[in-house]
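# Commentary on secondary and tertiary structure
Listed below are the residues making up each chain.
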Amino acid sequence: MNIPKELLYSTDHEWVKVEGGKALIGITDFAQDQLGDVVFVEVPEVGVEVGSGDNLATIESVKAVSDVYSPLSGTVVEANDTLTDEPQLINEDAYGKGWIALVELSDESELSGLMDADAYAKLLAEEA
């Protein structure tokens, strides 16, 4: 399982890459593998305020429809609209071209509630 060391992770299997007060958010390699082939992604609207735990996006796969929860509070400043036409990018490149949203953080202290790569790997081992 691919778990990049430079990212942070939520217990709901979202990843976060923080850059200058903004957080790029997507779902983990584990999450996309569990979903199977992604056939549709509903990305958030730019300008939407999200709280930690709020629904950020919806992913539909051949197996299920799943909500993606925002691991942090803030305002969506960019959404990956490419996923509308190419939802399979989540399967092909979960940590790159398959990102979902860029959120301007409103409370950076929430970052302390996320896991590093080692803690996330341990969570996956416990769930297996």
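As shown above, the structure is provided for reference.
Anyway, here's the lowdown on the structure attached to this text. (Residues numbered from 1 in each chain as written. Predicted model: local features only at pLDDT ≥ 70, side-chain atom pairs only at ≥ 80, totals over all residues. Heavy atoms only, no water.)

## Examining the sheet that holds strand E1 (residues 8-9)
- Ordered by their spatial adjacency, six strands build an open sheet running E1-E2-E3-E9-E8-E5, and the pairing between neighbours is antiparallel. For this open sheet the edge positions go to E1 and strand E5 (49-50), each flanked by a neighbour on one side alone.
- Relative to strand E9 (residues 101-105), strand E3 (residues 22-27) is paired through four bridges, and the arrangement is antiparallel. Paired with Lys22 across the bridge in E9 is Glu104. (Pairing = 2+ DSSP bridges. Helix = DSSP H or I, 4+ residues; strand = E, 2+ residues; numbered from the N terminus.)

## Comments concerning a negative patch on the surface
- Taken together, the side chains of Glu42, Glu45, Glu78 and Asp81 present a region of like negative charge at the surface.
- By the element assignment, Glu45 lies in the loop between strand E4 (38-42) and E5. (Patch = residues over 30% accessible without salt bridge, like charges linked within 9 Å, V, L, I, M, F, W, Y side chains within 5 Å. Areas by Shrake-Rupley, 256 points an atom, 1.4 Å probe, with all protein chains shown as cover. Salt bridge = Lys/Arg side-chain N within 4 Å of Asp/Glu carboxyl O. Lys, Arg positive; Asp, Glu negative; His and termini not counted. Charge placed at Lys NZ, Arg CZ, Asp CG, Glu CD.)

## Points about the pattern of salt bridges
- Under the definition given, this model contains two salt bridges.
- The partner of Lys5 in a salt bridge is Asp118, with the nearest N and O atoms 2.7 Å apart. Highlighted residues: Lys5 in the segment before E1 and Asp118 in helix H4 (residues 117-127), separated in sequence by 113 residues. For the pair Lys5 and Asp118, one class covers both residues: exposed. (Buried < 20%, exposed > 50% of the residue type's maximum accessible area, 1.4 Å probe, protein only.)

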